[in-house]
Amino acid sequence: MKINLRNFPSEGRHYEGEDPVDVLDVADPGFRFETPVSYKLNATLTGHSLVALGRIWTKVGVACARCLKNADRKVEVTDFVAHQEVTPTQDFADLTDNLREDILLALPQNPLCNPGCKGLCPVCGQDLNEKTCSCAKRAVVPDGFRGGGTGTPWSALDQIKIVRK
Ligand SMILES: [Zn+2]
Ligand SMILES: [Zn+2]
C-alpha cells in the first residue's frame, strides 16, 4: 500500500481499499493466502513523520490443529499503527512491509476448524467429528506396543523369538 506524499492535506487523509494477496509474500506451508489484504486507515503527515492508524484484515486458509481439515480464518488487526520518517523529496511512502508484518503477527497459532473440534482418533485416525470409532472403548495403546515391562514401543520387540534353522 502506497501513500502519495505530494500535496498531502494538513488534516490528513483517509484510505480504504485492498492490496493484492501477493504483497504478503509468505511461504508458510501451514497457511494458504488467497484473499487480498483490506485496509481502512487514516494517515497524517507532521513534519517528516507519517503516521497511519486504522484496521487491516484478510482471510487465511489454515489446517485445523486437531483434525487437519482446511478452514478459513479471518485475520484482523484492529489497532494497526504504521510510522515512517519521510524526506521532503519523497513522493510516496510504502506501507506494504507494515501490512505484512502485522498480518503475520496476527496469524492464529493453533487454528481450529471450530472451537469444539474433536480431532482425530490417535489409534485409527477416524475424524471424530464425523463419527466415533470403537478404539476409545478398548485400550488406547495399540496391540503391538503392549508387551514387555518397560513400556517403550521397543519392548514388544523383546518378545519376538528368533528361531534359527
Ligand atoms: Zn478440526
Ligand atoms: Zn479409532
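Conventions and cut-offs
- Starting afresh in each chain, residues are numbered from 1 along the sequence in its written order.
- Both sets of labels track the order of writing: A upward for chains, 1 upward for ligands.
- Predicted model: local features are reported for residues with pLDDT of at least 70 only, side-chain atom pairs are reported and counted for 80 or more only, and whole-chain, interface and lining totals are derived from all residues.
- Computation of side-chain values covers all heavy atoms of the structure but excludes hydrogens and water.
- Secondary structure elements are taken from DSSP: a helix is a run of H or I of four residues or more, a strand is a run of E of two residues or more, and numbering for both begins at the N terminus.
- The cut-offs for exposure are 20% and 50% of the maximum accessible area for each residue type, with area from a 1.4 Å probe on protein chains only; residues under the lower value are buried, those over the upper are exposed, and the others partly exposed.
- Only heavy atoms enter the contact rule, under which two residues are in contact if any of them lie within 4.5 Å.
- We get accessible surface area from the Shrake-Rupley algorithm with a probe of 1.4 Å; when it comes to residues, only the shown protein chains can shield them.
- Basic side-chain nitrogens of Lys or Arg form a salt bridge, by our definition, when they fall within 4 Å of a carboxyl oxygen of Asp or Glu.
- The criterion is simple. A nonpolar core is a set of buried Ala, Val, Leu, Ile, Met, Phe, Trp, Tyr and Cys residues joined through side-chain atoms within 4.5 Å.
- We call an atom a donor if it is N, O or S and sits within 2.8 Å of the metal, or 3.2 Å for Na, K and Ca. Water is not counted, so some sites may look partial.
- Angular criteria define each label, namely tetrahedral for four donors with all angles between 85 and 135 degrees, square planar for four and octahedral for six donors with opposite donors over 155 degrees apart and remaining angles between 65 and 115, and irregular for whatever fails these tests.
- Only Phe, Tyr and Trp rings are paired, with Trp represented by its six-membered ring, and only when their centres lie within 6.5 Å; those with planes under 30 degrees apart are stacked, over 60 edge-to-face, the remainder tilted.
- Two thresholds decide whether a charge sits over a ring: the Lys NZ or Arg CZ must be within 6 Å of the ring centre and within 35 degrees of the ring normal.
- Any two strands are treated as partners once DSSP identifies two or more bridges connecting them.

Participant: Could you clarify how one ought to interpret the overall build of the protein chain in this entry?
Facilitator: Along the protein chain, the regular secondary structure elements total 2 helices and 7 strands. Each helix and strand of the protein chain, placed in order from N terminus to C terminus, yields the pattern β-β-β-β-β-β-β-α-α. For the protein chain, the proportion of its 165 residues judged to be buried stands at 32%. Pairs at least 24 apart in sequence give 55% of the contacts found in the protein chain among residues at least 6 apart. As presented, the protein chain carries roughly 11,000 Å² of accessible surface, and 53% of it is formed by carbon and sulfur atoms.

Participant: Just checking my understanding: could you explain unusual backbone geometry for this structure?
Facilitator: Most peptide bonds are trans, and most residues other than glycine sit at a negative phi. Here Asn7, not a glycine, exhibits a phi torsion of approximately 50 degrees, which is positive. If you trace the backbone, Asn7 turns up in the loop between strand 1 (2–4) and strand 2 (13–19). Judged by relative accessible area, Asn7 falls into the exposed class, the value being 74%.

Participant: Can you help me understand the pattern of salt bridges in this one?
Facilitator: Taken as a whole and judged by the stated rule, the model has 5 salt bridges. With a shortest N-O distance of 3.6 Å, Glu34 and Arg32 are connected by a salt bridge. One salt bridge in this structure joins Asp97 and Arg100, with 2.4 Å as the shortest N-O distance. Taken together, the residues span about one helical turn, with Asp97 and Arg100 both in helix 1 (residues 96–105) at a distance of 3 residues. Classification of Asp97 as partly exposed rests on a relative accessible area of 43%.

Participant: Could you clarify how one ought to interpret the nonpolar core in this entry?
Facilitator: Looking at soluble globular proteins, one finds that nonpolar side chains tend to be buried together. Membership of the largest hydrophobic core comes to 34 residues, with the highest contact counts inside it found for Met1, Ile3, Tyr15, Leu41, Leu50 and Ile56. Breaking this core down by element, the ones donating at least two residues are strand 3 (31–33), strand 4 (37–46), strand 5 (49–63), strand 6 (70–85) and helix 1. The residues touching Ile56, leaving out its near neighbours within four places in the chain, are Ser38, Tyr39, Leu41, Val75, Glu76, Val77, Phe80, Leu99, Asp102 and Ile103.

Participant: Hey, could you run me through the coordination of the zinc ion (ligand 2) in this one?
Facilitator: Octahedral metals with six donors have ideal donor angles of 90 or 180 degrees. Tetrahedral metals with four donors have an ideal donor angle of 109.5 degrees. Cys121 (SG), Cys124 (SG), Cys133 (SG) and Cys135 (SG) make up the full set of protein donors to the zinc ion (ligand 2), lying at 2.2 to 2.3 Å. Taken together, the 4 donor atoms coordinating the zinc ion (ligand 2) and their angles of 104 to 112 degrees define a geometry best described as tetrahedral. All donors to the zinc ion (ligand 2) come from one chain, and their sequence spacing reads C-x2-C-x8-C-x1-C. Here Cys124 falls in the partly exposed class, since its relative accessible area comes to 45%. With a relative accessible area of 19%, Cys133 lands in the buried category.

Participant: What should I look at first to understand the packing of aromatic side chains in this one?
Facilitator: Both the distance between ring centres and the angle between the ring planes are used here to describe each pair of aromatic rings. Summed over the entire model, instances satisfying the criterion amount to 1 aromatic pair. Ring plane angle 45 degrees and centroid distance 6.3 Å describe the contact between Phe31 and Phe33, whose orientation is recorded as tilted. For the pair Phe31 and Phe33, a shared accessibility class is recorded, and that class is buried. The cationic tip of Arg55 hangs over the ring face of Trp57; the distance from NZ or CZ to the ring centre is 4.0 Å.

Participant: So what exactly am I meant to see when it comes to the pairing of strand 5 here?
Facilitator: Along a regular strand, successive side chains alternate from one face of the sheet to the other. Of the strand pairs in this sheet, strand 3 and strand 5 are connected by 3 bridges, and their pairing is antiparallel. Bridging from a neighbouring strand, Phe31 pairs with Val62 of strand 5. When strand 4 meets strand 5, the two strands line up antiparallel, connected through 9 bridges. What sits directly across from Leu41, in strand 5, is Gly54.

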